[in-house]
Amino acid sequence: MAFHLRACSAAFILLLVAGCSIPENSCPSHNIGAWSAQGEAEVYVGDDLFVYINGGAEIYHEYGFVQVAVQRYVRGDDSISVEIYTMDGDAYGIYSFARSPSGHGVNLGNGGTSAEYYMHFWSGPELAVITAESEFEDLGAAVLEIGTAVAECLQMGGAEPDLLDQLPIDGRIPGSEVHFTGRLAFLNVARPAAPLFNGFEEGAAAGLESGERAAVLRWVDEAAVAEALQEARRLCEASGGVVVEIEDGGGVEFETGGHRVLASVSEDLITLRVQKEEQ
Amino acid sequence: MSDRKNRHRITRRDFVATGAAAGTLLATGVGFGEKSQTPPLDLAVAHGPDVARNTAAVIEAHGGIGAFVRPGQIVNILPNAQGSHPGTSTDPVLVKTVVDLCKKAGAREVRWLTWQSGKYFERSSIDQLVKGSGAKFIQVDSKDESQWNNFDVPKGVALEKIRVFKVLEECDVFINMPIFKDHIGSRFTGSLKNYMGASHPTDNRLFHPSFEGEDLLRMEQCIADLNTVVRKPDLIIADAMTILTSKGPFGPGDIAKPQKVVAGIDRVALDSYGATLLGLEGNDVKMIADAHKLGLGEIDLGKLRIQEMEVR
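Residues numbered from 1 in each chain as written. Chains lettered and ligands numbered in written order. Predicted model: local features only at pLDDT ≥ 70, side-chain atom pairs only at ≥ 80, totals over all residues. Heavy atoms only, no water.

The next point concerns the overall build of chain A. Looking only at helices and strands, chain A features 7 helices and 15 strands. Across the 279 residues that make up chain A, the buried fraction comes to 55%. For chain A, the share of sequence-separated contacts (at least 6 apart) that also reach a separation of at least 24 residues comes to 56%. Total accessible area computed for chain A in this model is approximately 11500 Å², and 48% of it derives from carbon and sulfur atoms. (Helix = DSSP H or I, 4+ residues; strand = E, 2+ residues; numbered from the N terminus. Buried < 20%, exposed > 50% of the residue type's maximum accessible area, 1.4 Å probe, protein only. Contact = heavy atoms within 4.5 Å. Areas by Shrake-Rupley, 256 points an atom, 1.4 Å probe, with all protein chains shown as cover.)

Attention shifts here to the pairing of strand β2 (residues 35-45) of chain A. Residues and elements named next belong to chain A. Inspection of the sheet shows strand β1 (residues 31-32) paired to β2 by 2 bridges, in the antiparallel sense. Directly across from Ile32, in β2, lies its bridge partner Trp35. In terms of strand pairing, β2 meets strand β3 (residues 65-75) through 7 bridges, oriented antiparallel. Each residue of the ladder has a partner; that of Tyr44, found in β3, is Val68. (Pairing = 2+ DSSP bridges.)

Attention shifts here to the pattern of salt bridges. Counted according to the given criterion, the structure contains 24 salt bridges over all chains. For Glu145 of chain B, the salt bridge is made with Arg163 of chain B, and the minimal N-O distance between the two is 2.6 Å. Of this pair, Glu145 of chain B sits in the loop between β4 (136-139) and β5 (148-152) while Arg163 of chain B sits in strand β6 (residues 161-165), and the two are 18 residues apart along the sequence. As a salt-bridge pair, Asp152 of chain B and Lys161 of chain B come within 2.4 Å of each other at their nearest N and O atoms. Taken together, the shared-partner salt bridges connect Arg75, Asp78 and Asp138 of chain A into one network. (Salt bridge = Lys/Arg side-chain N within 4 Å of Asp/Glu carboxyl O.)

Turning next to the environment of Ala61 of chain B. Among the structural elements, Ala61 of chain B can be located in helix α2 (residues 51-61). Linking Ala61 of chain B and Lys303 of chain B, residues 242 residues apart in sequence, is a C-alpha distance of 19 Å.

For the rest of this paragraph, the subject is the interface of chain A and chain B. Each side of the interface is counted separately: chain A has 45 residues, and chain B has 35 residues. Buried surface at the junction of chain A and chain B, summed over both partners, amounts to about 3200 Å²; 52% is from carbon and sulfur atoms. There are 3 salt bridges connecting chain A and chain B. For the pair chain A and chain B, the number of links is 10 residue pairs in polar contact (both at pLDDT 80 or more). (Buried area = accessible area lost by both parts, 1.4 Å probe. Polar contact = N/O pair within 3.5 Å; in protein donor to acceptor, adjacent residues only side chain to side chain.)

Attention now moves to the nonpolar core. The biggest cluster of nonpolar side chains holds 63 residues, and the ones touching the most others in it are Tyr85, Phe180, Phe186, Phe197, Phe254 and Leu272 of chain A. For this core, the element with the most residues is helix α7 (residues 222-238) of chain A, which contributes 7 residues. Excluding anything up to four places from it in sequence, Leu272 of chain A contacts Phe186, Ala193, Phe197, Arg213, Ala214, Ala215, Leu217, Val261, Leu262 and Ala263 of chain A. Among the nonpolar cores identified, the runner-up in size contains 57 residues, and Cys171, Met196, Ala240 and Ile288 of chain B belong to it. (Core = buried A, V, L, I, M, F, W, Y, C linked by side-chain atoms within 4.5 Å.)

Turning our attention to the side chain of Arg172 of chain A. Residue and element names in this part refer to chain A. Within the secondary structure, Arg172 is located in the loop between α5 (139-151) and β9 (178-180). Of note is the side chain of Arg172, whose polar atom sits 2.9 Å from the backbone oxygen of Pro168. For Arg172, the contacting residues outside a window of four places in its chain are Leu164, Leu167, Glu177, Ala206, Gly207, Leu208 and Glu209.

Next up on the list: the packing of aromatic side chains. Under the counting rule described, the total for this entry stands at 18 aromatic pairs over all chains. Seen from their ring centres, Tyr117 of chain A and Tyr118 of chain A are 4.7 Å apart, and the 65° between their planes marks the pair as edge-to-face. The burial state of Tyr117 of chain A is the same as that of Tyr118 of chain A; both residues are buried. Arranged with centres 5.8 Å apart and planes meeting at 85°, the rings of Phe180 of chain A and Phe200 of chain A form a pair that is edge-to-face. Here Phe180 of chain A is found in strand β9, whereas its partner Phe200 of chain A is found in the loop between α6 (183-189) and β10 (202-207), with 20 residues between them in sequence. With respect to class, Phe180 of chain A is no different from Phe200 of chain A; both count as buried. Through successive ring pairs, a cluster of aromatic residues spans Phe180, Phe186, Phe200 and Trp219 of chain A. Residue placement shows Arg205 of chain B over the ring face of Phe50 of chain A; its charged tip is 3.8 Å from the ring centre. (Phe/Tyr/Trp six-rings, centres within 6.5 Å; stacked < 30°, edge-to-face > 60°. Lys NZ or Arg CZ within 6 Å of the ring centre and 35° of its normal.)

All names here are of chain B. Residues at a pLDDT of 70 or more form 82% of chain B, whose mean pLDDT is 86. Here residues 1-36 is modelled with pLDDT under 50, and outside its nearest four sequence neighbours on either side it reaches 61 contacts, counting other chains as well. Reported confidence for the predicted complex is 0.84 by ipTM and 0.86 by pTM. (pLDDT = per-residue confidence, 0-100.)

Residues and elements named next belong to chain B. Between helix α9 (residues 267-276) and helix α10 (residues 286-293), whose axes approach to 10 Å, the crossing angle comes to 155°. By the angle class used here, α9 and α10 are roughly antiparallel. The way α9 lies across α10 gives a crossing that is left-handed. Packed against α9, whose contacting residues are Val268, Asp271, Ser272 and Ala275, the element α10 presents Ile288, Ala291 and His292 at the interface. (Axes fitted to C-alpha atoms, helices over the stretch in contact; angles between N-to-C directions. Parallel < 35°, antiparallel > 145°, perpendicular 65-115°, else oblique. Left-handed = near helix turned anticlockwise from the far one by under 90°.)

Structure representation (structure tokens):
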């Protein structure tokens, strides 16, 4: 089986998408409870991800995609897909982006989230995605059963990024935190602010109970922060927006596209408060 | 092709009445090929649990398949085949229903077009989708330049040139068959963006080369620009039965079940309606607003003649 699995992953990398039968001692095993692996596993490496994902593959590349292994499990007419993405560093970032913000936590790997018909969890450089492809009675239990078996096979290690600690605690919606290093993710988690701020090293964002979104962006140093803030002023005004300097070092308010974004600076960080869209 | 212009115009209220009638006709088994007295409309929306019945109803509301497909004609279709995650691909039953109706109307051939590689379609779920549709599968080789038109885009704001596979033009009838769903870059994908299934994959990647600064939203303008040069759809039938409302276009993510099929000819109108199913308005989606500015269709749902039908 392809999932970075002890018995077969090296062969998969050599064969790329040629497929590989699941050996008896693979992890996870060919049979998980009443579920059986169907056909050969598939592995997509590097740009071959565009073969597997027709639209939206860019976000995985933005997070440092290396390969994905895919296998379907079946039980009669029911089917569940298992995808294991391997990234070039800790998979927390892609996990935080991909998980359901309205799901509930599951204790698999370093952390997981389960939603209506699917589950994400991560460990080390790997993200596991377990998805029921059809509706059936014990869907939630089946996804958990397969997820538990897959979790045993993931690489160990990894830690959540320190930047998450810079997000506000009061009013933060648990499970809404997203860590990112690229602009496509930034666009998705703080859309009105994304066109204004460029060149950051990493960012984190979270939803707030007020309906606003909080984001923290880190630049390489204070000089880069000052430069980025100045560029944001220019971009806002160039797009017809309004820039308001708040007195006594209270930050800068950007009014752009019908939204307000409040920015404040601290050393190599810019903290953003993005007004919710319907306001 | 369609004889829409020969049909008379009626008021919005009339459409609601004819919609109910269309549903009744379906329920009593009137043939789809029969000529309908239904006047022209912008969008037909069928709501109900059966995707096949919904699909037949929206086509009937537009005058029946005979208004679009004549005996001996070649029909090209462009479904969205994304994968096996729920709410990401055009419903296979919807596709098969359209293919069957086209054949019943006497179509010489119904052709499913794609540039996606063989490996993509070898995946079991998509392979089943294609084989079950009854359409002839036309797989365009992205490396064979002879299979591609290289269009200048004179009205393009961001796009100057684009390659589109030639086979799109080589038909009598073109039916665009998207699914409405969330998209990571544009927040919505539907009729307009589905044309990226006909433009060259290498060119598509250049729609968003860096996501830096002004490039961030360039993809949406490029999609609108692309739509100024591609073959116009003779009919659009959009799947809104089970749709991905977050983490699109690939998922998995939150799903909604509007249980609707929507049909029309105006790409902007279709997408403006489809956006509402994801809690957005047409103007919230830059791609739709850009297409409207380019004169590709009507974004204001209040100006459209929309027929909503309950189909049981």
